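Examination of the molecular architecture
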Amino acid sequence: LSSVERRDAPFLPLGEGLMRAHFIDVDQGDATLLEFTCGVVMIDAGGQDQDSVDALMAYLKTFFDRRPDLNHTISTVFVTHTHVDHNRSLRTLIESSGITVKNYVHNGVYDGSGRHGAQWMRDHANENGRSIAMRAVSQADITPVPRKSGLTDSSIDPVACRDVDPSIRVLAGPYAENPGWPQGEFEDGNNKSIIIRIDFGASSLLFTGDLEETAIETLVDYYVGTDMLDVDVYHVGHHGS
């Protein structure tokens with residue numbers, strides 16, 4: 001059977017020089033695990049309700065049981081924006097899952113439907129012996145980057161594999177002032193999403209959170225003349241709706 005047909009396909013051994021993207025079913029929400037030979041990162045930890053939180057934790061348990069070499073460790077958890085369908089599972093992941101998270105990259109916004117998770121991370125993430133490097137990214141961090149090549153550092157891209165070293169960059173973040181959007185667009189928490197690009201060899205993926213049409217146009221205008229938005233896989237916002 002092909003890997004698409006096999007029920008255990010997401011948990012098969014990962015060959016050298018390969019990566020695997022796990023688009024995990026959390027009902028109305030987003031949670032993506034990017035698996036490399038030497039580590040993993042996670043983009044969003046959302047869900048619809050407690051059942052979807054439980055389903056995500058069960059998926060991660062099965063995954064790490066099959067990859068004992070990773071020591072139940074996620075190198076970085078990204079949360080694209082502060083809505084509950086993107087961070088509902090965050091506290092459980094950090095506090096109760098038995099998984100170690102080394103870095104947390106987010107948009108620095110503490111209101112919105114996901115405010116409880118964001119505020120808990122700000123106030124309690126490093127209690128009880130935990131040591132998580134927390135990195136808030138805004139558009140002010142992106143703009144000074146030379147050649148519009150995207151922001152990266154040891155929190156954003158902590159994975160360095162010997163076979164193929166992935167490149168992880170944040171291409172955009174929330175604006176401090178309205179860049180000229182119509183009424184209501186600047187206040188929309190979806191438009192405060194951080195945008196993440198992953199390159200792995202000749203393959204590339206783009207995650208845009210729940211960026212709305214106006215903000216997508218601004219993103220495209222910013223990167224016009226570059227190949228930063230030329231990718232193989234586009235993770236569509238609003239869960240594909």
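None of the values given here were measured: they were computed from a predicted structure. (Residues numbered from 1 in each chain as written. Predicted model: local features only at pLDDT ≥ 70, side-chain atom pairs only at ≥ 80, totals over all residues. Heavy atoms only, no water.)

So, the overall build of the protein
In plain terms, the rule: Each helix corresponds to a stretch of at least 4 residues labelled H or I by DSSP, and each strand to a stretch of at least 2 residues labelled E; elements are numbered beginning at the N terminus. Note on exposure labels: buried denotes an accessible area under 20% of the residue type's maximum, exposed denotes more than 50%, and partly exposed covers the range between, all computed with a 1.4 Å probe on protein chains only. Between two residues, a contact is recorded if the distance between any of their heavy atoms is within 4.5 Å. The charge count includes Lys and Arg as positive and Asp and Glu as negative, but it does not include His or the ends of the chains. We put the charge of a Lys on NZ, of an Arg on CZ, of an Asp on CG and of a Glu on CD.
Scanning the protein for helices and strands turns up 6 helices and 10 strands. Oriented by its inertia axes, the alpha-carbon framework of the protein measures out at about 50 × 40 × 35 Å. By residue count, 49% of the 241 residues in the protein fall in the buried class. Look at the contacts in the protein between residues 6 or more apart in sequence, and 64% of them connect residues 24 or more apart. Averaged over its 19 positive side-chain charges, the protein has a centre that lies 7 Å from the centre of its 36 negative ones.

Digging into a negative patch on the surface
Defined as follows: Patch criteria: residues need more than 30% relative accessible area and no salt bridge. Like-charged residues are merged within 9 Å; nonpolar side chains of Val, Leu, Ile, Met, Phe, Trp and Tyr are merged within 5 Å. What sets the accessible areas is the Shrake-Rupley method with a 1.4 Å probe; for residues, cover comes only from the shown protein chains. What counts as a salt bridge is simple: a side-chain nitrogen of Lys or Arg found within 4 Å of a carboxyl oxygen of Asp or Glu.
A surface patch of like charges, here negative, comprises Asp 25, Asp 27, Asp 51 and Asp 54. Considering the arrangement of structural elements, one finds Asp 27 in the loop between strand 1 (20-23) and strand 2 (31-35).

A word on unusual backbone geometry
The phi angle at Asn 71 is positive, at roughly 55 degrees, despite the residue not being glycine. Tracing the backbone through its elements, the reader meets Asn 71 in the loop between helix 1 (50-66) and strand 4 (73-78). Phi angles above zero are rare outside glycine, and Arg 147 is one such case at about 60 degrees. If you trace the backbone, Arg 147 turns up in the loop between helix 5 (139-142) and strand 7 (167-172).

Section: helix 6 (residues 213-222)
In plain terms, the rule: The arc under discussion is defined with respect to the helix axis, by the directions toward the C-beta atoms.
Turning to helix 6, its buried residues number three or more, namely Thr 214, Ala 215, Thr 218, Leu 219 and Tyr 222. For helix 6, the angular spread of buried residues about the axis comes to 140 degrees, placing them on one side. Seen from the open side of helix 6, the exposed residues pointing more than 90 degrees away from its buried face are Glu 213 and Asp 221. Summarising the contacts, the buried residues of helix 6 are in contact with helix 5, strand 7 and strand 8 (195-200).

Topic: the pattern of salt bridges
Enumeration according to the criterion identifies 10 salt bridges in this entry. Ionic pairing is found between Lys 61 and Asp 65, a salt bridge with its closest N-O pair at 2.9 Å. Residue Lys 61 and its partner Asp 65 are both found in helix 1; the two are separated by 4 residues, about one turn of the helix. Asp 65 sits in the partly exposed class, given a relative accessible area of 43%.

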